[in-house]
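Structural description and commentary
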Amino acid sequence: QAQLVESGGGWVQPGGSLRLSCAASGFTFSNYRMKWYRQAPGKERELVAHFTNGIPNYADSVKGRFTISRDNAKNMVFLQMNSLKPEDTADYYCNAKHIYYQTEYWGQGTTVTVSS
C-alpha cells in the first residue's frame, strides 16, 4: 500500500527555519517525481518545489529560501525552509507522481505556522 508521511512542521518565528521530511513506502520511489505543495487557509493548493529532469524548481515566492532534496536510498524527500515569512503559513503536502503514468499519491500534510 503506497504511503507518503510528512513530518517536521510546527510553529516558527519569522526569519526562522524548518525542515520538512516526507517518507515514502509501498511504491518504487525512483519511478516517481516528488513535489511539495502547500495550501494556505482560504487559498488554493500551490506547487512549491519539485524536480524537472533532476533540476529543482521553485515557486517564485520561495525561490532562494527553500531547497528541495531527495534521498532515493532512503525513499525520502525533504524541504529545507529558511527565512520563513508569515505568508509561508500553510499545510504542506508531499506528492509523488509516476514519471510515465497518471498514478499519483499524496501525504496527509504537515502544518507550518510562521508568526511572532
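Here's what I pulled together on the structure shown here.

Criteria and thresholds
- Residues numbered from 1 in each chain as written.
- Predicted model: local features only at pLDDT ≥ 70, side-chain atom pairs only at ≥ 80, totals over all residues.
- Heavy atoms only, no water.
- Helix = DSSP H or I, 4+ residues; strand = E, 2+ residues; numbered from the N terminus.
- Buried < 20%, exposed > 50% of the residue type's maximum accessible area, 1.4 Å probe, protein only.
- Contact = heavy atoms within 4.5 Å.
- Phe/Tyr/Trp six-rings, centres within 6.5 Å; stacked < 30°, edge-to-face > 60°.
- Lys NZ or Arg CZ within 6 Å of the ring centre and 35° of its normal.
- Pairing = 2+ DSSP bridges.

With respect to the secondary-structure elements, Ala23 resides in strand S3 (residues 18–25). Residue Ala23 is classed as partly exposed on the basis of its relative accessible area, which comes to 31%. With 50 residues separating them in the primary sequence, Ala23 and Ala73 have C-alpha atoms 11 Å apart. Apart from residues no more than four positions distant in its own chain, Ala23 is found in contact with Gln3, Leu4, Val5, Asn75 and Met76.

Moving on, we come to the packing of aromatic side chains. In this description, a pair of aromatic rings is defined by centroid distance and the angle of the planes. Applying the stated criterion to the full structure yields five aromatic pairs. A centroid spacing of 5.7 Å and a plane angle of 35° characterise the contact between Tyr32 and Tyr105, whose relative ring orientation is tilted. With a gap of 73 residues between them, Tyr32 in strand S4 (residues 32–39) and Tyr105 in strand S10 (residues 104–106) connect regions that are remote in the sequence. Tyr105 gets classed as partly exposed once you look at its relative accessible area, which sits at 24%. Each ring, one from Tyr100 and one from Tyr101, has its centre 6.5 Å from the other, and the planes form 70°; the classification is edge-to-face. In terms of burial, Tyr100 and Tyr101 fall into one category: exposed. Here the aromatic residues Phe27, Tyr32 and Tyr105 are joined through ring pairs into a cluster of three or more. The side chain of Arg45 reaches across the aromatic face of Trp106, ending 4.5 Å from its centre. Its guanidinium or amino end placed over the ring of Phe29, Arg70 lies 4.4 Å from that ring's centre, counting from NZ or CZ.

With seven of nine residues buried, strand S9 (residues 90–98) lies mostly within the body of the structure. Bridge count between S4 and S9: eight bridges; the pairing is antiparallel. Paired with Met34 across the two strands is Ala96, which belongs to S9. Sheet topology note: the S9/S10 ladder contains three bridges and is antiparallel. Note on S10: the bridge partner recorded for Ala96 is Tyr105. Joining the antiparallel neighbours S9 and S10 is a turn of five residues.

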